[in-house]
Amino acid sequence: MRSLQTTVKAFKGKTLNNPMGCDTFVALYPATPKGTEATVKAFKGMTLNNPMGCDTFVALYPATPKGTVVFGKNSDRPAGEGQSIKRYPGQEYYNNNSGQEESNNMTPKEDIPLCQCTYISIPQAPKTYSVLLSQIDWMFGAEHGTNEHGVVIGNEAVWTKVEDEDLETKRLLGMDLVRLGLERGSTAKNAMNVITSLLEEHGQGGPCAQDDDSFVYHNSFLIADPSEAWILETAGRHWVAKNIQEGTRNISNTLTIRADYDLHSKGLIDYALQSGLLKNTKTSSSNTDEGKLDWAACFGDGCVQECESPYSRQSCGRKLLEKYDGTEKMNEKAMMEILRNHDGGICMHGGFESTASMVSVLKSNGGNDHQHWMLDKPHPCKHEHELQPKI
């Protein structure tokens, strides 16, 4: 079982305003085998492992028809918090002819405008793309959204063992990074590079709820475009990313990547060794280019148990997706049904609830045939997603 210290850390920020409610369970023989071991195992993942919410899904061929990517996300936030569908047009802010010497054709650094995010200001990009966002009313950033190039992003709260920077210090929020990735990235990989660069430069942190300064966390992201998807998971300023070219994948408030990542932050293994997160391994700082670590096990706070438990939202979401593997039948209606699921806790009710939702169908035919359905009110089980006008 997780230690008391780990459990308290996982619940940090979740209890001051009692947003979660209470859930009490009991199971006895013959619902369980005789004895208690199976009972403890059955409850693992129901209560301790980050019950707060957000679930993001992606499906590619052969779960979908060829040339189609389907994306979906429920945003689970404190009950009553406002979230609105917003559009922001692309803009050109200044000239930046990269590779050229500073001249009349390049904006001097001191004249580059600033972009005001939720808590901090960062240099604005030379150009931004038009975006469609599900924006929390008091934030700069968004829970999920898309841009004119058919890039979609959703983020998740994750709790990690990295504590070398105070998460209550105001930096970039995960929601800020969603919007910035969409405004500045023309492909899924471009958007991921935007997010990781900003993360490494500015860090992440600050209260993620308007009325609870202790509600803080790191972030994971599911980023997709019409041809591929990326899972990006972060811990402080470090990160790993896994490329998804086919099939299905989901994320739900836990680190999911093990040693199968495709990209990672510079100095990741050295940091893990120096901070004591990486132990009992043949990997050493002398072969950081060759060795890999188990990301979820080293950096995650109960994440391996979460992924392995058949009762966690992560596992329940995976099961809902997997039945479409190889069928070519995943579409917007099937994704909406997943987002309405109660048995696995995907559609959340209570002090924390599914306050907004999004489904996208991306086409790789080279045209602007992408479709996006959004919901800016609680409980997708009670309301129809609305098809949005093209960006």
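Everything numeric here is computed off the predicted structure, so don't read it as measured data.

## Describing the overall build of the protein chain
Summing up its helical and strand segments, the protein chain has nine helices and 18 strands in all. Relative to its 391 residues, the protein chain shows a buried fraction of 55%. Across the protein chain, contacts joining residues at least 24 apart in sequence account for 69% of those joining residues at least 6 apart.

## Digging into the environment of Thr169
With respect to the helices and strands, Thr169 occurs in the loop between β10 (152-158) and α3 (174-184). Exposure remark for Thr169: the relative accessible area of 35% places this residue in the partly exposed category. Residues Thr169 and Asp213 lie 44 residues apart in sequence; the distance between their C-alpha atoms is 9.9 Å. When neighbours within four sequence positions are excluded, Thr169 is seen to be in contact with Gly205 and Gly206.

## Brief notes about the pairing of strand β9 (residues 142-147)
A large share of β9 lies buried, amounting to six of its six residues. Bridge count between strand β8 (residues 131-136) and β9: five bridges; the pairing is antiparallel. Bridged to Ser134 within β9 is His144. The loop that links β8 with its antiparallel partner β9 comprises five residues. Pairing geometry for β9 and β10, over three bridges, is antiparallel.

## With respect to the packing of α3 against helix α4 (residues 188-202)
Contact geometry for α3 and α4: axes closest at 8 Å, N-to-C directions at 130°. Between α3 and α4, the crossing angle belongs to the class labelled oblique. Crossing geometry of α3 relative to α4 is assigned as right-handed. Residues Leu177, Leu180, Gly181 and Arg184 of α3 form the contact with α4, whose own contacting residues are Ala191, Val194, Ile195, Leu198 and Leu199.

## A short note on helix α9 (residues 332-339)
All of the buried residues along α9 are Ala334, Met335, Met336, Ile338 and Leu339. Residues of α9 that are buried in the fold lie against β1 (55-59), β2 (68-78), α8 (313-322), β16 (352-363) and β17 (371-375). Where α9 begins, one side-chain oxygen reaches toward the backbone nitrogen of Lys333, 3.1 Å away; that side chain belongs to Asn331.

## A closer look at unusual backbone geometry
The amide bond that connects Tyr61 to the next residue, Pro62, takes the cis arrangement and shows omega of 10°. Among the secondary structure elements, Pro62 is positioned in the loop between β1 and β2. Located in the positive-phi region is Glu328, a residue other than glycine, with phi close to 60°. Examined against the element boundaries, Glu328 turns out to sit in the loop between α8 and α9. With relative accessibility at 39%, the residue Glu328 sits in the partly exposed group. Its identity is not glycine, yet His379 carries a phi of approximately 70°, on the positive side. Locating His379 in the fold gives a position in the loop between β17 and β18 (386-387). Classification of His379 as buried rests on a relative accessible area of 12%.

Quick notes on the rules
Residues numbered from 1 in each chain as written. Predicted model: local features only at pLDDT ≥ 70, side-chain atom pairs only at ≥ 80, totals over all residues. Heavy atoms only, no water. Helix = DSSP H or I, 4+ residues; strand = E, 2+ residues; numbered from the N terminus. Buried < 20%, exposed > 50% of the residue type's maximum accessible area, 1.4 Å probe, protein only. Contact = heavy atoms within 4.5 Å. Pairing = 2+ DSSP bridges. Axes fitted to C-alpha atoms, helices over the stretch in contact; angles between N-to-C directions. Parallel < 35°, antiparallel > 145°, perpendicular 65-115°, else oblique. Left-handed = near helix turned anticlockwise from the far one by under 90°. Polar contact = N/O pair within 3.5 Å; in protein donor to acceptor, adjacent residues only side chain to side chain.

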